[in-house]
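Each chain, letter by letter, is given below.
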Amino acid sequence: MIKINFNNLVKQLLPWHKRKPVRLTLLGGALSPLATLFARFDSWRDDVRRRINISAQVAVLEGYLRHKYDSSVSLYIETFDDRLIEVYLEAEGLENTMSVPLSVDDGFIEIPMYGEVREKFGNVDFVVYIPANLDLEQIRAEIELYRQAGVRYKIIQRQYE
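Residues numbered from 1 in each chain as written. Predicted model: local features only at pLDDT ≥ 70, side-chain atom pairs only at ≥ 80, totals over all residues. Heavy atoms only, no water.

(A) A look at the packing of helix α1 (residues 6–13) against helix α2 (residues 21–30). Between α1 and α2, the least distance of the axes is 9 Å, while the angle of their chain directions is 130 degrees. Considered as vectors, α1 and α2 are oriented oblique to each other. The interaxial crossing formed by α1 with α2 has right-handed handedness. Residues Asn 7, Val 10 and Lys 11 of α1 form the contact with α2, whose participating residues are Leu 24, Leu 27 and Gly 28. Its residues placed into classes, the contact of α1 with α2 shows three nonpolar, two polar and one charged. (Axes fitted to C-alpha atoms, helices over the stretch in contact; angles between N-to-C directions. Helix = DSSP H or I, 4+ residues; strand = E, 2+ residues; numbered from the N terminus. Parallel < 35°, antiparallel > 145°, perpendicular 65-115°, else oblique. Left-handed = near helix turned anticlockwise from the far one by under 90°. Contact = heavy atoms within 4.5 Å. Nonpolar A, V, L, I, M, F, W, Y, C, P; charged D, E, K, R; others polar.)

Structure, rendered in structure tokens:
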């Protein structure tokens, strides 16, 4: 991205023998509205680039929403993960297999039964948690803009923040 330093531009475009402080200040002041206009354009350009690169991936969508609504920690997306042990066929090769310890120092590892974690989500694929100060419908419109077809979600607005 190209950023323009207008004071430096004025200095570079003037010949060295005409670079007096009064002249530099006068020309810099004349370009001040252009600098303000470029700052607004630069902010718009960053926003457009960010929106173009948005996908339905959880991390990207969450980062976009956090940036847009200035909510660093209190806005997050939780996705469905069954947390079951992945078991591979021997024909898939040893590089796909993984060793899973069935016990740890304080006892056994908790392995949920099939569908047990899914009960928490109900009939949705991901849950968006937002703070109480954000507009629910505005967040819903942003998610609808970028979510994939057939993916269901729900928004939970926490009241304690």
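Structure shown, so let's carry the discussion forward.
(B) Spatial organisation of the packing of aromatic side chains. For the structure shown, the criterion picks out four aromatic pairs. Residues Phe 41 and Trp 44 carry aromatic rings whose centres are separated by 5.9 Å and whose planes lie at 35 degrees to one another, so their mutual orientation is tilted. Residue Phe 41 and its partner Trp 44 are located together in helix α3 (residues 32–52), separated by three residues, close to a single helical turn. Here the aromatic residues Phe 6, Phe 38, Phe 41 and Trp 44 are joined through ring pairs into a cluster of three or more. (Phe/Tyr/Trp six-rings, centres within 6.5 Å; stacked < 30°, edge-to-face > 60°.)

So yeah, pure geometry; function would need other evidence.
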